[in-house]
Amino acid sequence: MTKYTIKRLLQSLITVLAIVTIVFLLMRMLPTDYYFTEDQVMKLTEEAKNDQLRAAGLLDPLPVQLFRFYGRLARLDFGTSRRLQSGVPVMQLISSKFTVSMRLGMMAMGVSLILGILMGVCQTLNKDRFLDHTGTVYTVFVNAVPSLVSFSLVLAFGSRVLKLPSMYSTRNPGPSSILPVVCLSLASIASYALWTRRYMVDELNKDYIKLARIKGMSSQQIMLKHVLKNAFVPLVQYIPASLLLTVGGSLLVERFFSVPGMGPLMTDAIGKYDTNVVQACVFLYASLGILGVFLGDVMMMLFDPRIRLAEKGEAR
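These figures come from a predicted structure and were not determined experimentally.

Examining the overall build of the protein
Part 1: When helices and strands are tallied, the protein shows 15 helices and zero strands.
Part 2: For 316 residues, the compact-globule formula gives about 20 Å, and the C-alpha radius of gyration of the protein, at 25 Å, lies well above that figure.
Part 3: With the principal axes as the frame, the protein shows a C-alpha extent of 85 × 60 × 30 Å.
Part 4: The burial tally for the protein puts 41% of its 316 residues in the buried class.

Here it is, written out as C-alpha cells:
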C-alpha cells in the first residue's frame, strides 16, 4: 500500500505540473499589450513597454522563463497582480478569497452529506412508495432544470418568504451564507441520495442479506450492520474530491449571490488578462481536484478491506 500511495502521489504531482506548464505556455502566447492596463497601452511608448517587459523577464527565452517559473512555483510564489490589484502579491489576493469559498464549501458539503445520505436511506426503506418517488422527482428536477432556474427559485423563496438576505455580506456572513450554501448543496444532495439508494438496493438483493434474514436478524440490524455500512464504502471514494472541489468555490453561485470568493476572482483575472493570478488559480483548482482523486483512492483502500493491491505492479 505504501508503494502504491507514493506512486499515486508522484503521478498527481506530475499531472499538476503538466497542467500549470500548459497554462504558462498559453499565457506566453498572448500579445504583449495584454500585460499592460488600458492607460499604459495608450500612454507608454514601445520602448517604455519593452523596458517594463524586459525588467519583468518576459522577453527572456521561453525555456529561461519556464525554468524561473518552476523555481517560483516550488516556493508558491506567483509574483504580483498586474491588472486586478496592481502590485499586490497574488497569494495575498487569493488567500482572502479562498477563505470565503472554503467556509461556504465546507458548510455546503456537510449539508450535502447529511441530507443526501439520509434521503437515500429513506428512499431505500420506502422503496417504490411515496417517499421514494418524491426523492426521485427531486433528483430528476435538480439534474434536469438549469442551475440558474433552481437558484432563482431558492432566491425568491428564501428572500420573500423566509426574509433571508439575498446577497452575501461580509458584515453579516451568517444569515447571508444560508442561500448560497443551499444552492451549492442542491446538486450534491441529489447525487449522494441517488448513489446511496442505488448501493443500498444492490446490497439488499445480495445473498448474504437473505442469509441474515434466515438467521433471524431484524431489519434494523441488517440495515445498520450490513447494508448501510457496505453501501457507504463506494461513496467514500467521492467524498474527498467533492469536498475539495466544493471548497474551491462555485463560479455560478458566487457570481449569483455576489460572494467575494474564488469564482469571481478567476473570471475577473481571465477577463483582464492578469496572467499571474490566472496561473495561481489554475494551480489551486488543479491541485484541489487531483488531490481529491488521490485521497479518494487512498480512503477506498482504508475503508474497504476487500480491496487488495496486487504484488506485481501494485495494480488495484
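Quick notes on the packing of helix α14 (residues 262–271) against helix α15 (residues 275–303)
Part 1: In the contact formed by α14 and α15, the axes pass within 9 Å of each other and the chain directions differ by 140°. As judged from the angle between their axes, α14 and α15 are oblique. You can see that α14 and α15 cross each other, and the crossing is left-handed. The residues of α15 that touch α14, namely those facing M262, G263, L265, M266, A269 and I270, are V277, V278, C281, V282, L284 and Y285.
Part 2: A breakdown of the residues in the contact of α14 with α15 according to their chemical character gives eleven nonpolar, one polar and no charged.

Observations regarding unusual backbone geometry
Part 1: Here the phi dihedral of S258 falls at roughly 55°; this positive angle occurs in a residue that is not glycine.
Part 2: On the secondary structure map, S258 appears in the loop between α13 (251–256) and α14.
Part 3: In this model, Y273 sits at a positive phi of 55°, which is unusual for a non-glycine residue.
Part 4: When its relative accessible area of 31% is taken as the criterion, Y273 is described as partly exposed.

Description of the nonpolar core
Part 1: Formed by 26 residues in total, the largest nonpolar core has its most connected members in I94, L265, V277 and C281.
Part 2: Those elements that provide at least two residues to this core are α1 (2–28), α4 (62–74), α5 (90–125), α14 and α15.
Part 3: Per-element accounting of this core gives the leading share, nine residues, to α15.
Part 4: In terms of nonpolar packing, the next biggest core, distinct from the first, is built from 17 residues, L104, V181, L186 and V259 among them.

Regarding the side chain of S177
Part 1: One can find S177 in the loop between α8 (173–176) and α9 (178–204).
Part 2: Owing to a relative accessible area of 0%, S177 belongs among the buried residues under this scheme.

A few points about the environment of Q65
Part 1: Within the secondary structure, Q65 sits in helix α4.
Part 2: Along the sequence, Q65 and R28 sit 37 residues apart, while their C-alpha atoms lie 9.5 Å from each other.
Part 3: The residues touching Q65, leaving out its near neighbours within four places in the chain, are F24, R28, G57, L58, L59 and D60.
Part 4: Here the side chain of Q65 touches D60 through a polar contact of 2.7 Å, landing on its backbone oxygen.

The rules behind each value
Residues numbered from 1 in each chain as written. Predicted model: local features only at pLDDT ≥ 70, side-chain atom pairs only at ≥ 80, totals over all residues. Heavy atoms only, no water. Helix = DSSP H or I, 4+ residues; strand = E, 2+ residues; numbered from the N terminus. Rg over C-alpha atoms; globule rule 2.2 N^0.38 Å. Buried < 20%, exposed > 50% of the residue type's maximum accessible area, 1.4 Å probe, protein only. Axes fitted to C-alpha atoms, helices over the stretch in contact; angles between N-to-C directions. Parallel < 35°, antiparallel > 145°, perpendicular 65-115°, else oblique. Left-handed = near helix turned anticlockwise from the far one by under 90°. Contact = heavy atoms within 4.5 Å. Nonpolar A, V, L, I, M, F, W, Y, C, P; charged D, E, K, R; others polar. Core = buried A, V, L, I, M, F, W, Y, C linked by side-chain atoms within 4.5 Å. Polar contact = N/O pair within 3.5 Å; in protein donor to acceptor, adjacent residues only side chain to side chain.

Note that all results are geometric; they support no functional claim without further evidence.
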